[in-house]
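Structure assessment
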Amino acid sequence: MSMQSQHQSLPLSMKQVCYSTRGAALIHDFNLEINTPGISMILGHNGSGKSLLLKLLHGVIGPSSGHIYWNNQTPSIHQYWRTFLLQRPTFFNQSIESNIEFVLRIAGIDKSEYKQRCTQALEACGLSHLSQRNTTSLSGGELQKASLARAWVLKPSVILLDEPTVALDPPSVISFENIIQQFEKSGTKIIMTTHDLAQAKRLAKEIVFIDKGEMIEQSEASSFFVEPASIQAQSFISGELS
Amino acid sequence: MHDAPGIFYTAFQLIIRLEPELVEIVLLSLKVSISAVIIATFISIPLGTVLGAYTFRGRDFITGILNALMGLPPVVVGLALYLLLSRSGPWGDLELLFTSTAMVIAQCILITPIISSLTQQTIEDLFKQHKLQFRALGAPTRLTLLPLLKDAKTSLFTSILAGFGRASAEVGAVLIVGGNINHVTRVMTTTIALETSKGNLELAMALGIILLAISFTITSLMIVIRKSQSV
């Protein structure tokens, strides 16, 4: 579990970030500072802009205005110290190992390291026994783990996860969360979106609560669930916000 | 009045006996069509892949041209090629008119747009499916092409078979640029046309049966490939 790179990624800073498309402002005047390691959970109901926020943080899309900095660096998709897990990952119709090797090739990793890195990543995600299995024959839980292994193989210092357990059954969710926690313990910064309060309670050190594309509240998970500062967060926790 | 059962009987006899004239025509037909398909494949797969995976100025124009060329009338291709290859034409010095090479070129012109367009559609669909994932992985398009082609291999093979089907059934263009010369450029389709007009229906029927068998084999192969892909 000691694959993590020593890249200095934090602090993450978003200043007056807006994202608009087709005349609609989906993220507006968003300010955020993340300085601490551990799991930061972006919480909000469906359509609040969580996935969009992660895409902005990773660089998959750029902001319409404002600035995003990772340790004073503007995000780009070619910064391989930061990896991004999509809610619905896609794979080539090949073995898990081939899919992982593809990522190593993209990142320009020396070919001599492929085998060792693949083995370590698959082992960390509990997929060693499925390394040669074609991705088309994997279950939803196995696919998410394969996606995690594909991200982990690059030894990232930050992993962004977009509701990775949304379609998984409870045992698969727990198994996935255990892996995430192991990665976090090894020093990897985890930023994850969810609308699952129970999951946020189990994993989060810090909560970033967003609603309608706006940053509503950022606080320690322990205080957020006991005493949310905003009315929207109070409504969300009590199940009233829609 | 023709004796249909008699014609069929004689036609099957010719096939079973492997009549030398029949074998020669079939082999030349296969040689011409396979050569055309190989050349067209080497042009079409890279062309279709680039058109399917990249967005650039002129892409829609090229796509439009290719789509229009898919329905190109073979006789027009034959005529254009005839003018180019005839002695007074710009490529007359090559002395390719009424050779099997000219027939390969004609078939190649006819099937390249078909294989290219089908390849483009396949790669475009796959690329759309993976587009967000590729961005999330920071994958440059050029590095995604080989794995995408591997994923698309069955669809691409089906496209190539479709091209072969079109090439082997082609008559207009090869008749014009090949000239249907006995032992030189006589292929199945042109022979069927000639022998039917001469009233030699047995040989025409034998070749027709072989052509149909090839067509059925290609169709069956395409079905088997599609089924194996969907499993």
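Above this text you will find the structure in question.
Quick notes on the rules
Residues numbered from 1 in each chain as written. Chains lettered and ligands numbered in written order. Predicted model: local features only at pLDDT ≥ 70, side-chain atom pairs only at ≥ 80, totals over all residues. Heavy atoms only, no water. Helix = DSSP H or I, 4+ residues; strand = E, 2+ residues; numbered from the N terminus. Contact = heavy atoms within 4.5 Å. Areas by Shrake-Rupley, 256 points an atom, 1.4 Å probe, with all protein chains shown as cover. Lys, Arg positive; Asp, Glu negative; His and termini not counted. Charge placed at Lys NZ, Arg CZ, Asp CG, Glu CD. Salt bridge = Lys/Arg side-chain N within 4 Å of Asp/Glu carboxyl O. Buried < 20%, exposed > 50% of the residue type's maximum accessible area, 1.4 Å probe, protein only. Phe/Tyr/Trp six-rings, centres within 6.5 Å; stacked < 30°, edge-to-face > 60°. Patch = residues over 30% accessible without salt bridge, like charges linked within 9 Å, V, L, I, M, F, W, Y side chains within 5 Å.

Digging into the overall build of chain B
When helices and strands are counted, chain B shows ten helices and zero strands. Secondary structure elements of chain B, listed N to C terminal, follow the sequence α-α-α-α-α-α-α-α-α-α. Its C-alpha atoms put chain B at 70 × 50 × 25 Å along the principal axes. When contacts within chain B are restricted to residue pairs at least 6 apart in sequence, long-range pairs at least 24 apart make up 73% of them. Carbon and sulfur atoms make up 69% of the accessible area of chain B, which totals about 11900 Å². Taking the average place of the 16 positive charges on the side chains of chain B and the average place of its 13 negative ones, the gap between the two points comes to 15 Å.

Quick notes on the pattern of salt bridges
Going through the model one piece at a time under the given rule, you end up with nine salt bridges over all chains. As a salt-bridge pair, R202(A) and E177(A) come within 2.7 Å of each other at their nearest N and O atoms. With R202(A) in helix 6 (residues 197-203) and E177(A) in helix 5 (residues 170-185), this pair connects stretches of sequence that are 25 residues apart. Look at R202(A) and you get partly exposed, because its relative accessible area is 39%. What makes E177(A) buried here is its relative accessible area of 3%. The shortest N-O distance in the salt bridge between R17(B) and E19(B) comes to 3.1 Å. Each member of the salt-bridge network shares a partner with another, and the members are R59(B), D60(B), E124(B) and K128(B).

Notes on the side chain of N180(B)
Of note, N180(B) is situated in the loop between helix 8 (172-178) and helix 9 (188-198). With residues up to four places along the chain from it excluded, the contact list for N180(B) reads L175(B), T185(B), R186(B), V187(B), T190(B), T191(B) and L194(B).

Here we look at the packing of aromatic side chains
One pass over the structure, following the stated rule, counts ten aromatic pairs over all chains. Pairing F92(A) with F134(B) gives two aromatic rings, centres 5.8 Å apart and planes at 40°, and the pair type is tilted. One end of the pair, F92(A), is in the loop between strand 5 (82-85) and helix 2 (96-106); the other, F134(B), is in helix 5 (residues 100-137), on a second chain. On the accessibility criterion, F92(A) (4% relative accessible area) is buried. Plain terms: the ring middles of F127(B) and F134(B) are 5.5 Å apart, the flat faces sit at 55° to each other, and that makes the pair tilted.

Notes on a nonpolar patch on the surface
Residues and elements named next belong to chain B. A cluster of nonpolar side chains, namely V50, F56, F61, I62, I65 and L69, defines an oily patch on the protein surface of about 490 Å² accessible area. With four residues, helix 3 (residues 59-70) is the largest single contributor of residues to the nonpolar patch. Mapped onto the elements of the fold, L69 is located in helix 3.

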